[in-house]
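Inside the fold
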Amino acid sequence: MVSTNSKSGRAPAVRGRRRSIQRPRVHTEVLSCLLEDIQSGVYAVGQNLPSERELMDEFGVGRPAVREALAALARMGLIEVSPGLRARVCRLTLQPLLREMRATLDIYSSSAEGWQQLHDVRLFFETAVVRHMARTVTDEQLASLQNLLENQRKLLDASEIRAFAEADIDFHRYLVECVGNSFLGLLADGFAGWLITPLYASMQVRRQSERSYRAHLAVFEALKKRDPDLAEGALRTHLEEMRGIYQVDVMAAPEKTDAACEDSATK
């Protein structure tokens, strides 16, 4: 139970403890103004921002506030900053978001629970994509998919498992690219960066590459028939099978290793 000051009703101060008091940060105000200027077209793509000194005079702030604001804009991918040169406004892309997404996925998927939830998202996402593609797929897209599958076959015959794992990812990424939505493409790239290491590991454990290739063929044949239900079913079966293999062979591996270490330590 925490005692309180009887007169004020507040807990007494703890001697020696230091606490930071949150105050409005100046650089956030500078950042907000610069964002508004870029969005409204005051500074167009390819145009230089004012110098640090000019921004300091404009906003009445010190150099650290200006530099923090510029650094934040650079992290967003809105400007390019080079030593000795003025910051230049860039055309906005999703690449900065992709970098942040990949880092987050790597950390979040390190636990069994995180892997399960991310795989559920992938399953929901890709089955929706393949249903859409079954209704809209073109002959040209089918030809591209066939080329991807022929490349996978060659890699299997050459026992190039690492290269096959990358080709496996390319197959799934291309399905998403066919939708023609840049944000969905971002998700696909994020999943690709997250999946390549565990995918390669699972293929090494049980030589799953042949089974994965046949699953891709099944998806391809369903798309050729323009059958959304068949395409979704083929992809769902493939992804759920790979999830089970990964959980058994890869996620369990660290636990088995830890248990073996404990056993040897007690002997």
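What you are looking at is a predicted structure, and each value in this text was computed from that prediction instead of being measured. (Residues numbered from 1 in each chain as written. Predicted model: local features only at pLDDT ≥ 70, side-chain atom pairs only at ≥ 80, totals over all residues. Heavy atoms only, no water.)

1. Some remarks on the confidence of the model for the protein
Taken over all residues, the pLDDT of the protein has a mean of 78, while the share at 70 or more is 71%. Per-residue pLDDT, averaged within each element of the protein, yields its smallest value for helix H4 (residues 95-108) (66) and its largest for helix H6 (residues 139-157) (95). Note on residues 253-267: pLDDT is under 50 here. Beyond four places in sequence and across chains, it has one contact. (pLDDT = per-residue confidence, 0-100. Helix = DSSP H or I, 4+ residues; strand = E, 2+ residues; numbered from the N terminus. Contact = heavy atoms within 4.5 Å.)

2. Brief notes about the nonpolar core
Counting 30 residues, the largest nonpolar core has Met133, Leu145, Leu175, Val219 and Leu223 as the members making the most contacts within it. Elements supplying a minimum of two residues to this core: helix H5 (112-136), H6, helix H7 (161-177), helix H8 (182-206), helix H9 (209-224) and helix H10 (228-266). Non-local contacts of Val219, meaning those with residues more than four positions away in its chain, are made with Val130, Phe171, Ala234 and Leu235. Core analysis: the next-biggest nonpolar cluster, separate from the first, contains 20 residues, Val30, Ala69, Leu78 and Ile79 among them. (Core = buried A, V, L, I, M, F, W, Y, C linked by side-chain atoms within 4.5 Å. Buried < 20%, exposed > 50% of the residue type's maximum accessible area, 1.4 Å probe, protein only.)

3. Comments concerning the pattern of salt bridges
Should their charged atoms come close, side chains of opposite charge can pair. Tallied over the entire structure, the rule returns 16 salt bridges. Ionic pairing is found between Arg63 and Glu52, a salt bridge with its closest N-O pair at 2.8 Å. With Arg63 in helix H3 (residues 63-75) and Glu52 in helix H2 (residues 52-59), this pair connects stretches of sequence that are eleven residues apart. Taking the relative accessible area as the measure of exposure, Arg63 reaches 29% and is therefore partly exposed. When the shortest N-O distance is used, the salt bridge between Arg67 and Glu52 registers 3.0 Å. Of this pair, Arg67 sits in helix H3 while Glu52 sits in helix H2, placing them 15 residues apart in sequence. (Salt bridge = Lys/Arg side-chain N within 4 Å of Asp/Glu carboxyl O.)

4. What about the packing of aromatic side chains?
The final tally for this structure, using the stated rule, is zero aromatic pairs. Over the ring of Tyr213 we find Arg153, and its NZ or CZ is 4.9 Å from the ring centre. (Phe/Tyr/Trp six-rings, centres within 6.5 Å; stacked < 30°, edge-to-face > 60°. Lys NZ or Arg CZ within 6 Å of the ring centre and 35° of its normal.)

5. Side note on the environment of Arg53
Tracing the backbone shows Arg53 in helix H2. For Arg53, a relative accessible area of 45% translates into the label partly exposed. Separated by ten residues in sequence, Arg53 and Arg63 have C-alpha atoms that sit 7.5 Å apart.

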